[in-house]
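Below, each chain spelled out in residue letters.
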Amino acid sequence: MQNLLIIEDNLIYSHFLVNSICKELNNIRLYSIVDTGKKALEILKKEKIDIIILDLKLPDISGIDIINYIEGNNLSQYYASIIVLTNEIDLLNQVINKKSVFTYSSKIDNINSFIDKVRELSKEKQDISLKNSIKEKGTLQSNATFLCFFLQILTGCPVKLYF
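Keep in mind the model is a prediction, meaning the values are calculated, not measured. (Residues numbered from 1 in each chain as written. Predicted model: local features only at pLDDT ≥ 70, side-chain atom pairs only at ≥ 80, totals over all residues. Heavy atoms only, no water.)

To continue, consider the environment of S14. On the secondary structure map, S14 appears in helix α1 (residues 11–24). Along the sequence, S14 and I33 sit 19 residues apart, while their C-alpha atoms lie 7.1 Å from each other. In this structure, S14 is in contact with I6, E8 and I33, ignoring residues within four places of it in sequence. (Helix = DSSP H or I, 4+ residues; strand = E, 2+ residues; numbered from the N terminus. Contact = heavy atoms within 4.5 Å.)

Given below as structure tokens:
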């Protein structure tokens, strides 16, 4: 399951997004909805969030400041994890090329188009997770092979690997 964080000060819109996403994508679960940038930063510093829906205009800390915090503190686990919500092109231009931004959506976009963007991001995250898992397994197998070889030298007995 992938964790979803929605950072949006319009709670009615937030709940609409959550209901739409969870209805269509069963591999995503809502971690939290927060309505301020301060609450969002507290979560991002402590938790593992896979997908972030971020409104750029928040009442305290702007979405732009959150993106700058992520990148300024090299929180690479959040690179290409954010779908930005905005209707303002000048705000979008400030963040669209940031490493942490996957894509953007206007609040007036068709919900199916928005869900497709979330689906695409979710698939990207799954692919990355699978690649990392394969790498870790390969490292584990290499280490196990070395350990077996070492044990054979020490004991003089053959050692078999089973994966």
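Resuming the write-up.
On to the nonpolar core. If you look at the biggest cluster of nonpolar residues, it comprises 23 residues, and the most contacted ones within it are I7, L44, I52, L54, I66 and I67. Breaking this core down by element, the ones donating at least two residues are β1 (2–7), α2 (37–46), β3 (51–55), α3 (63–72), β4 (82–85) and α4 (89–95). Beyond its immediate chain neighbours, meaning those up to four positions away, I7 contacts V34, T36, A40, I52, I53, L54, D55, L58 and I66. Listed in part, the 16 residues of the second largest apolar core include L4, Y13, I28 and I51. (Core = buried A, V, L, I, M, F, W, Y, C linked by side-chain atoms within 4.5 Å. Buried < 20%, exposed > 50% of the residue type's maximum accessible area, 1.4 Å probe, protein only.)

Here α3 has its buried residues at G63, I64, I66, I67, I70 and E71. The buried residues of α3 occupy an angular sector of 160 degrees when the element is viewed end-on, so they sit on one face. Buried positions along α3 lie against β1, α2, β3, β4, α4 and β5 (101–105). In the segment just after α3, N74 is the residue with positive phi, at about 50 degrees. (Arc of directions from axis to C-beta.)

Mapped onto the fold, T86 is located in the loop between β4 and α4. Engagement of the side chain of T86 in a polar contact is seen with the backbone nitrogen of E88, the distance being 3.0 Å. (Polar contact = N/O pair within 3.5 Å; in protein donor to acceptor, adjacent residues only side chain to side chain.)

Right, let's get into the sheet that holds β3. Spatially, 5 strands are ordered β2-β1-β3-β4-β5 in an open sheet, and the strand pairing comes out parallel. Each edge of the open sheet is held by one strand with a lone partner, namely β2 (28–34) and β5. Ignoring which end each strand starts from, the neighbouring axes of this sheet average 20 degrees apart. Strands in contact with α1 are β1, β2, β3 and β4; relative to β2, the strand with the most contacts, it is inclined by about 175 degrees. The sheet contacts of α2 involve β1, β2 and β3, and relative to β2 the element is tilted by about 135 degrees. (Pairing = 2+ DSSP bridges. Axes fitted to C-alpha atoms, helices over the stretch in contact; angles between N-to-C directions.)

Residues I82 and V84 line one face of β4 and the alternating positions I83 and L85 line the opposite face, and both faces are buried. Bridging between β3 and β4 involves 4 bridges; their strand directions are parallel. Counted as the bridge partner of I53 is I83 from β4. For the crossover from β3 across α3 to β4, the handedness is right-handed. As defined by bridge partners, β4 adjoins β5 across 4 bridges and the pair is classed as parallel. Across the sheet, residue I82 finds its bridge partner in β5, namely V101. Of the crossover connections in this fold, the one passing from β4 over α4 to the parallel β5 is right-handed. (Right-handed = clockwise from strand over helix to strand, strands pointing away.)

This part covers the pattern of salt bridges. One pass over the full model with this rule turns up 9 salt bridges. Linking K107 and E8 is a salt bridge whose minimum nitrogen-to-oxygen distance equals 3.1 Å. Taken together, the positions of K107 in the loop between β5 and α5 (111–155) and E8 in the loop between β1 and α1 put the pair 99 residues apart, joining distant regions of the chain. Taking the relative accessible area as the measure of exposure, K107 reaches 27% and is therefore partly exposed. Given a relative accessible area of 0%, E8 falls into the buried group. (Salt bridge = Lys/Arg side-chain N within 4 Å of Asp/Glu carboxyl O.)

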